Amino acid sequence: MESSKTETMEIIAFGVAARIIGAPRISWPYIRDTAELRAALIHRYPGLRNVPFILAVNRDVSPDEQTIPPGATVAVLPPYSGG
Amino acid sequence: MKNIFLKGPIPPAFVGESMARHQSKTSIGAHALFLGQVRADEHPEGVVDRIDYTAYEEMALEKVHVIREEAFARWPLTCLHIHHSLGEVKAGEISFFVMTSSPHRAAAFEALRHIVDRIKADVPIWGREILRDGSDIWKQNH
């Protein structure tokens with residue numbers, strides 16, 4: 001039987017965030033903005049509370065919260081440490 | 001978009017070959033080089049043996065592209081080369097290489113410092129420091 005298809009989005013995680021989430025890539029029910037998604041992620045993965053992560057929407061980072069278009073890829077980015 | 005990543009440490013010969021490729025570009029009067037070397041930092045948890053680098057590659061390459069374009073717009077650069085390791089790099093090995101080339105040294109020096117700082121601040125790369133006992137901690141840039 002076909003179930004009603006709920007919209008999902010893809011979340012990718014890097015660095016310590018990937019370890020806390022337990023996978024580099026997860027599927028998540030669609031959420032319309034980064035503020036709500038941030039709260040939902042912290043609720044589901046309390047370890048993220050201690051990481052000052054930013055969310056990139058389709059590789060775009062903004063100092064403000066962003067709207068998430070359907071089908072977007074959202075990335076969880078802990079502080080960078082290249083070099 | 002140019003790829004900046006290479007697997008493992010940046011070999012000293014790679015740096016030499018990069019320099020050699022510029023011998024035909026005789027308008028250049030100055031190359032400035034930055035080489036980032038993995039440090040055996042002593043943390044309370046232990047001493048760093050190596051760093052395992054990962055990146056959000058697509059986004060990183062876009063960011064580096066913008067940094068390159070801005071640098072060429074701001075300084076009279078003839079060439080700009082940026083390379084960063086992915087995967088494991090041992091203490092004492094090179095993980096980050098930037099070379100700016102210009103007719104005169106001032107632009108090469110200024111641009112080099114700016115570009116290195118921008119890459120460390122704005123490009124999504126992460127270093128996982130693996131300690132001598134095999135445990136790990138996530139590197140923090142200062």
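The rules behind these values
- Residues numbered from 1 in each chain as written.
- Chains lettered and ligands numbered in written order.
- Predicted model: local features only at pLDDT ≥ 70, side-chain atom pairs only at ≥ 80, totals over all residues.
- Heavy atoms only, no water.
- Helix = DSSP H or I, 4+ residues; strand = E, 2+ residues; numbered from the N terminus.
- Rg over C-alpha atoms; globule rule 2.2 N^0.38 Å.
- Pairing = 2+ DSSP bridges.
- Axes fitted to C-alpha atoms, helices over the stretch in contact; angles between N-to-C directions.
- Salt bridge = Lys/Arg side-chain N within 4 Å of Asp/Glu carboxyl O.
- Buried < 20%, exposed > 50% of the residue type's maximum accessible area, 1.4 Å probe, protein only.
- Contact = heavy atoms within 4.5 Å.
- Buried area = accessible area lost by both parts, 1.4 Å probe.
- Polar contact = N/O pair within 3.5 Å; in protein donor to acceptor, adjacent residues only side chain to side chain.
- Phe/Tyr/Trp six-rings, centres within 6.5 Å; stacked < 30°, edge-to-face > 60°.
- Lys NZ or Arg CZ within 6 Å of the ring centre and 35° of its normal.
- Arc of directions from axis to C-beta.

**Here's the deal with the overall build of chain B**
For chain B, the count of helices and strands is 3 helices and 8 strands. Taken from the N to the C terminus, the helices and strands of chain B come in the order β-α-β-β-β-α-β-β-α-β-β. Its C-alpha radius of gyration of 16 Å places chain B within 12% of the 14 Å reference for a compact globule of 142 residues. When the backbone C-alpha atoms are referred to their principal axes, chain B occupies close to 50 × 30 × 25 Å.

**A word on the sheet that holds strand β1 (residues 8–13) of chain A**
As a general point, the strands of a sheet are linked pairwise by backbone hydrogen bonds and lie either parallel or antiparallel. All names here are of chain A. If you trace the 4 strands from one edge of the open sheet to the other, you get β2-β1-β4-β3, paired in mixed fashion. In this open sheet, the two strands that pair with only one neighbour each are β2 (25–29) and β3 (54–57). Put simply, the sheet's adjacent strands are angled 30 degrees from each other on average, direction ignored. For β3 and strand β4 (residues 73–77), the ladder comprises 4 bridges, and the chain directions are antiparallel. Of the residues in β4, the one forming a bridge with isoleucine 54 is leucine 77.

**Topic: the pattern of salt bridges**
When charged atoms on two side chains of opposite charge get close, those side chains can pair. Counted according to the given criterion, the structure contains 13 salt bridges over all chains. For Arg19(A), the salt bridge identified is with Asp136(B), shortest N-O distance 2.7 Å. Of this pair, Arg19(A) sits in helix α1 (residues 15–21) while Asp136(B) sits in strand β8 (residues 136–138), which puts the two residues in different chains. Of the residues examined, Arg19(A) reaches a relative accessible area of 45% and is grouped as partly exposed. Residue Arg118(B) is joined to Glu70(B) by a salt bridge in which the shortest nitrogen-to-oxygen separation is 2.8 Å.

**Some remarks on the interface of chain B and chain A**
Opposite the 24 residues of chain B that make contact, chain A presents 16 residues. Between chain B and chain A the total buried area reaches about 1700 Å² when both faces are included, carbon and sulfur atoms providing 57% of it. The three residues of chain B that bury the most area against chain A are Tyr56(B), Trp126(B) and Trp138(B), which together make up 40% of that side's buried surface. At the junction of chain B and chain A, the tally comes to 2 salt bridges. Across the salt bridge formed by Arg59(A) and Glu62(B), the nearest N and O atoms sit 2.6 Å from each other. Counting across the interface, chain B meets chain A through 11 residue pairs in polar contact (both at pLDDT 80 or more).

**Here we look at the packing of aromatic side chains**
Taken as a whole and judged by the stated rule, the model has 6 aromatic pairs over all chains. Aromatic pair Trp28(A) and Tyr45(A): ring centres 6.3 Å apart, planes at 40 degrees, arrangement tilted. Remark: Tyr45(A) occurs in the loop between α2 (34–44) and β3 and Trp28(A) occurs in strand β2; sequence separation between them is 17 residues. Accessibility classification places Trp28(A) together with Tyr45(A) in one group, the buried group. For the pair Tyr80(A) and Trp126(B), a centre-to-centre distance of 5.8 Å together with 80 degrees between the ring planes defines the contact as edge-to-face. Of this pair, Tyr80(A) sits in the segment after β4 while Trp126(B) is found in strand β7 (residues 125–131), placing the two residues in two different chains. For the pair formed by Tyr80(A) and Trp126(B), the shared burial category is buried. Three or more aromatic residues joined by ring pairs form one cluster here, namely Phe14(A), Tyr80(A), Tyr56(B) and Trp126(B). Of note, Arg38(A) hangs over the ring of Phe53(A), and the distance from its end group to the ring centre comes to 4.6 Å.

**A short note on the environment of Gly127(B)**
Checked against the element boundaries, Gly127(B) lands in strand β7. The class for Gly127(B) is buried, based on a relative accessible area of 0%. Among residues more than four places away in sequence, those in contact with Gly127(B) are Ser81(A), Ile51(B), Asp52(B), Tyr53(B), Ile137(B), Trp138(B) and Lys139(B).

**Comments concerning α2(A)**
Residues and elements named next belong to chain A. Turning to α2, its buried residues number three or more, namely Thr34, Leu37, Leu41 and Ile42. One side of α2 holds all its buried residues, which, seen down the axis, span an arc of 130 degrees. Measuring from the side-chain oxygen of the N-cap residue of α2 to the backbone nitrogen of alanine 35 gives 3.0 Å; that N-cap residue is aspartate 33.

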